[in-house]
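Architecture at a glance
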2 protein chains.
Amino acid sequence: MKRITIKDLARHLLLSTSTVSRALVNDQHIHPETRAKVLEAARKFGYKRNPAALNLKYGLSKNIGLVVPEMVTPFSSKVLRGIQNILYPLGYRIIITESDEDPHRERENLLLLEEFNVDGIIINLCDKKQNQEVHQQLLERGIPLVFFDRIPSGALEAPQVRVDDAKHAAAMVEHLIATGKKRIVHLKGPDNVLNSEERAGGYIGVMKKYGLYDPGLVIEAGGLSFDDGRKAAELLLKKAVDFDSLFAFTDTLAIGAMNFLLEKQILIPRDVSVSSFSGTELATMIYPQLTSVEPPLMRMGEMAANLILAKIEDIGAENKVVFLDAELKVRSSTQDK
Amino acid sequence: MKRITIKDLARHLLLSTSTVSRALVNDQHIHPETRAKVLEAARKFGYKRNPAALNLKYGLSKNIGLVVPEMVTPFSSKVLRGIQNILYPLGYRIIITESDEDPHRERENLLLLEEFNVDGIIINLCDKKQNQEVHQQLLERGIPLVFFDRIPSGALEAPQVRVDDAKHAAAMVEHLIATGKKRIVHLKGPDNVLNSEERAGGYIGVMKKYGLYDPGLVIEAGGLSFDDGRKAAELLLKKAVDFDSLFAFTDTLAIGAMNFLLEKQILIPRDVSVSSFSGTELATMIYPQLTSVEPPLMRMGEMAANLILAKIEDIGAENKVVFLDAELKVRSSTQDK
DNA sequence: GTGAAAGCGCTAACAA
DNA sequence: TTGTTAGCGCTTTCAC
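Residues numbered from 1 in each chain as written. Chains lettered and ligands numbered in written order. Predicted model: local features only at pLDDT ≥ 70, side-chain atom pairs only at ≥ 80, totals over all residues. Heavy atoms only, no water.

Before going further, it helps to spend a moment on the protein's contact with DNA strand C. The full set close to DNA strand C counts 26 residues, and A:T19, A:R22, B:I6, B:Y47 and B:Y58 are the nearest of them. Near the protein, within 4 Å, the atoms of DNA strand C are sugar or phosphate in 64% of cases. Contact distances for DNA strand C include 3.0 Å between a phosphate oxygen and a backbone N or O atom of A:S16. Taken together, the elements giving at least two residues each to the surface near DNA strand C come down to α2 (17–24) and α4 (51–58) of chain A together with α1 (6–13), α2 (17–24) and α4 (51–58) of chain B. Here the element with the most residues in the surface near DNA strand C is α4(B); it accounts for four residues. In terms of residue class, the surface near DNA strand C is built from nine nonpolar, ten polar and seven charged. (Near = heavy atom within 4 Å. Polar contact = N/O pair within 3.5 Å; in protein donor to acceptor, adjacent residues only side chain to side chain. Helix = DSSP H or I, 4+ residues; strand = E, 2+ residues; numbered from the N terminus. Nonpolar A, V, L, I, M, F, W, Y, C, P; charged D, E, K, R; others polar.)

Okay, structure coming up:
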């Protein structure tokens, strides 16, 4: 079944295609009656404008690329939701790619998106500097980039949406201390993620403030998976670190660690309380539910979408760095009842 | 920075655009030397073909729509991965929409995708019949549909990829019985999902076969969320149903129920063993890990992609119903150690 | 207020 | 082997 075009309508109404077009785009210079007739016919025949024609005409594809490190947790899908809220009503399509925490894949995804002729790319990095040249290259080719959550280390000329990692990490540690914990382990994120340093910084600051800091309490997770969290907990026990609580870089690490502790008959929160950063629904799916710092993911997506729109409209638009406020959600994993 | 076109290359090389085009598409009728020159220039100037122009020319958008009920669990993202494996190398873009288990939203998504001019739609339903007319309409308008996992109830003229729900449910119940369980509760999925009936059917068949069937053991979950699972478990205790194990329609239900039981100090698997259908990574993120029937999600996506390609190529292609084999993964939630 | 024509980038039939 | 031309669907000058 052939798609109905403006030409079909014109032929049917004995009008020129330009008049039909004018009616459809609500041009001023058209007789109201004519417009009405066209609109009626369009409705009747189920006319749909062909996006490809517009893309060609205006040189804009109305495609936005999204690059995320993983889609196993609901983190990215929440952000996606926010992006869609803004972009779908404006007729943009969103093309999602997953890097699998692998900079090499991320690179391929970026090139794929360029191939797809996207008008801009919203990205959550898997590595703070591995693909800097690609990012730079894309920017130079006029494809705007917006970073969110995990941002690049250098001062790349692009807008960012993030939370204040140090501040919120500090708040979490304050919370643990307020519940009487003293030996707080930090499961630090991997070195190749900028936020690792910042969250660790927030942790260290508060620990020092209370005279609780002990480098032996900081343990670096090799990656960001459940398994990495699990292994970190294993190491903790093997090294016989004395600890009463745990603050993990991320949900997945916390849950991985928690499951290992549970297996070892260590009760949570009775024996060890557990908390994390970057909480998602995942935190409420497990037992006990996980105390976590929760960034406003949907708003993060909406903000990123708005920033990319601004850059698409005017490539010279300011490269804002937007900080959103995260929320500290206290749940059973840090709360004896 | 302006995008470089075929025209720019032609001008630079003092050739016609058609010659350049021929070189780029590997046409036979071209001097090898000329081709080499063109390819070299294309590489040098970073030429990228404009997809929009091709879309316009051939009337194909190279966009495929994906409609999924939720993206909180990794289910959909696994299927997506499979779809991408097939479709990205062929230059297709994939546009993802989430229905949020709401037929109304699903309908909007479908219309949005039509608006976006997709060449086909791959869909996992949230309701077995609510949007039948829309599906029918899309098919009539020449937009092929492929269903996967949760399929429509009527005999819609479209390919499907699924697993044998009854068979695998039966296998799971057999497993529970083999571990000595007799009072096996089934957390049945909601009525508006076709698979609910089929999985329940598999359950009932085996229960009857062993003379264990008791209608009081079947409890219908109002929906598919964690909370629905939780509430179902609550009801179970309130009604003082005597049970030693539980087979849930889906991961989310099982986990919701499990968490409630754990809160009530009911140990898993010691007091009650728990299992589910449609397992995802989620099953391994929790403690204890969940025994589940795991459909080959990535292959499901790949298969769906292949089916939609066949339909795009030839709208009259056979409407195959493909059954994939799922795997019964036995984990700690049904295994005393 | 309406129509004719050009053009966005690319390909393919037709000429040469 | 290469060039010319038309056309995909739409918008937008420029005439009238």
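Back to the write-up after that little detour.
Another point: helix α3 (residues 32–45) of chain B. All names here are of chain B. With 14 residues, α3 extends 20 Å between its outermost C-alpha atoms, agreeing within 8% with the 20 Å of an ideal straight helix rising 1.5 Å per residue. Buried residues of α3: T34, V38, A41 and A42, and no others. For α3, the angular spread of buried residues about the axis comes to 100 degrees, placing them on one side. Projecting away from the buried face of α3 at angles above 90 degrees are the exposed residues P32, E33, R43 and K44. Considering only its buried residues, α3 is in contact with α1 and α2. Just downstream of α3, G46 is the residue with a positive phi angle, here 70 degrees. (Expected span 1.5 Å × (residues − 1). Buried < 20%, exposed > 50% of the residue type's maximum accessible area, 1.4 Å probe, protein only. Arc of directions from axis to C-beta. Contact = heavy atoms within 4.5 Å.)

Turning our attention to the UniProt feature "domain: HTH lacI-type" (unreviewed entry) in chain A. Annotation from UniProt places "domain: HTH lacI-type" (unreviewed entry) at residues 4–58 of chain A. Annotation note: span residues 4–58 of chain A, helix share 69%, strand share 0%, distance between end C-alpha atoms 21 Å. (UniProt positions renumbered as here; feature names shortened; annotations may be inferred.)

This part takes up the domain arrangement of chain A. By domain assignment, chain A separates into domain 1 (6–49), domain 2 (63–162 + 296–325) and domain 3 (165–295 + 328–334). For domain 1 of chain A versus domain 2 of chain A, the separation of C-alpha centres amounts to 38 Å. (Domains from an automatic or database assignment.)

To continue, consider the relation of the copies chain A and chain B. Once chain A has been moved 0.0 Å along the axis and rotated by 180 degrees, it coincides with chain B to within an RMSD of 0.1 Å. Classification of the inter-copy transformation places it as that of a two-fold axis. Among all residues of chain A, the one whose C-alpha sits closest to the rotation axis is A:A52, at a distance of 2.6 Å. Comparing interface residues between copies, 100% of those in chain A also sit at the interface in chain B, which points to an isologous, same-surface contact. (Least-squares fit on C-alpha atoms with pLDDT ≥ 70 in both.)

Moving on, we come to the protein's contact with DNA strand D. Of all residues adjacent to DNA strand D, which total 26 residues, the nearest are A:Y47, A:Y58, B:S18, B:T19 and B:T34. A breakdown of the atoms of DNA strand D within 4 Å of the protein gives sugar and phosphate a share of 61%. Contacts to DNA strand D include A:R49, whose side-chain N or O atom sits 3.1 Å from a phosphate oxygen. Only α1 (6–13), α2 and α4 of chain A together with α2 and α4 of chain B provide two or more residues apiece to the surface near DNA strand D. Examining the composition of the surface near DNA strand D, we find that four residues originate from one element, α4(A), more than from any other.

Right, let's talk about the interface of chain A and chain B for a bit. In this assembly, 46 residues from chain A lie in contact with 46 residues from chain B. Area buried by chain A at its contact with chain B is led by A:R81, A:M285 and A:Y287, which between them contribute 16% of it. At the surface where chain A touches chain B, the tally comes to six salt bridges. One salt bridge in this structure joins A:E114 and B:K48, with 3.8 Å as the shortest N-O distance. The tally of links from chain A across to chain B stands at 15 residue pairs in polar contact (both at pLDDT 80 or more). Elements that contribute at least two residues to the side of chain A that touches chain B include exactly α4, α5 (75–87), β2 (93–98), α6 (103–115), α11 (251–263) and α12 (282–285) of chain A. (Buried area = accessible area lost by both parts, 1.4 Å probe. Salt bridge = Lys/Arg side-chain N within 4 Å of Asp/Glu carboxyl O.)

All names here are of chain B. Ordered in space as β7-β6-β8-β9-β10-β12, the six strands form an open sheet in which the pairing is mixed. Every other strand in the sheet has two partners, leaving β7 (218–220) and β12 (327–329) as the edge strands with one partner each. Direction aside, the axes of adjacent strands within the sheet are offset by 15 degrees on average. Both strand β6 (residues 184–188) and β7 contribute to a ladder of three bridges, which runs parallel. Residue pairing for β7: H186 is matched across the bridge by V218. Contacts from helix α8 (residues 165–178) reach β6, β8 (245–248), β9 (273–277), β10 (291–294) and β12, with the element oriented near 170 degrees to β9. (Pairing = 2+ DSSP bridges. Axes fitted to C-alpha atoms, helices over the stretch in contact; angles between N-to-C directions.)

Time to look at the packing of aromatic side chains. Summed over the entire model, instances satisfying the criterion amount to two aromatic pairs over all chains. With a centroid separation of 5.8 Å and an interplanar angle of 65 degrees, the aromatic rings of A:F116 and B:Y88 are classed as edge-to-face. Of this pair, A:F116 sits in the loop between α6 and β3 (120–123) while B:Y88 sits in the loop between α5 (75–87) and β2 (93–98), placing the two residues on different chains. Per residue, the accessibility class of A:F116 equals that of B:Y88, and both read buried. Over the aromatic face of B:Y92 sits the side chain of B:K62, whose NZ or CZ is 4.6 Å from the ring centroid. If you follow B:R199 out to its NZ or CZ, it ends over the ring of B:F249, 4.2 Å from the centre. (Phe/Tyr/Trp six-rings, centres within 6.5 Å; stacked < 30°, edge-to-face > 60°. Lys NZ or Arg CZ within 6 Å of the ring centre and 35° of its normal.)

All names here are of chain B. With five of its five residues buried, β9 lies for the most part within the structure. Neither face of β9 is left uncovered, since the one carrying S273, S275 and F277 and the one carrying V274 and S276 both have all their residues buried. By the bridge criterion, four bridges tie β8 to β9 in an arrangement that is parallel. Paired with L246 across the strands is V274, a residue of β9. Note that the unit made of β8, helix α11 (residues 251–263) and β9 has a crossover that is right-handed. Taken together, the three bridges between β9 and β10 define a ladder with parallel strand orientation. Residue pairing for β10: S275 is matched across the bridge by T291. (Right-handed = clockwise from strand over helix to strand, strands pointing away.)

Residues and elements named next belong to chain A. For the bond from I268 to P269, the omega torsion is 5 degrees, close enough to zero to count as cis. The residue P269 is located in the loop between α11 and β9 (273–277) in this model. Positive phi values are uncommon outside glycine, yet D149 reaches one of about 60 degrees. Tracing the backbone through its elements, the reader meets D149 in the loop between β4 (145–148) and β5 (160–163). In this structure D149 comes out as buried when scored by relative accessible area, which is 7%.

Moving on to the sheet that holds β9(A). Backbone-to-backbone hydrogen bonds pair the strands of a sheet. The strands run either parallel or antiparallel. All names here are of chain A. If you trace the six strands from one edge of the open sheet to the other, you get β7-β6-β8-β9-β10-β12, paired in mixed fashion. At either margin of the open sheet sits one strand with a lone partner, and together these are β7 (218–220) and β12 (327–329). Neighbouring strand axes in the sheet, compared pairwise and without regard to direction, differ in orientation by 15 degrees on average. Direction of pairing for strand β10 (residues 291–294) relative to β12: antiparallel, over a ladder of three bridges. Of the residues in β12, the one forming a bridge with V293 is L328. Sheet strands in contact with helix α9 (residues 194–209) are β6 (184–188), β7, β8 (245–248) and β9, and its direction is about 165 degrees off that of β6.

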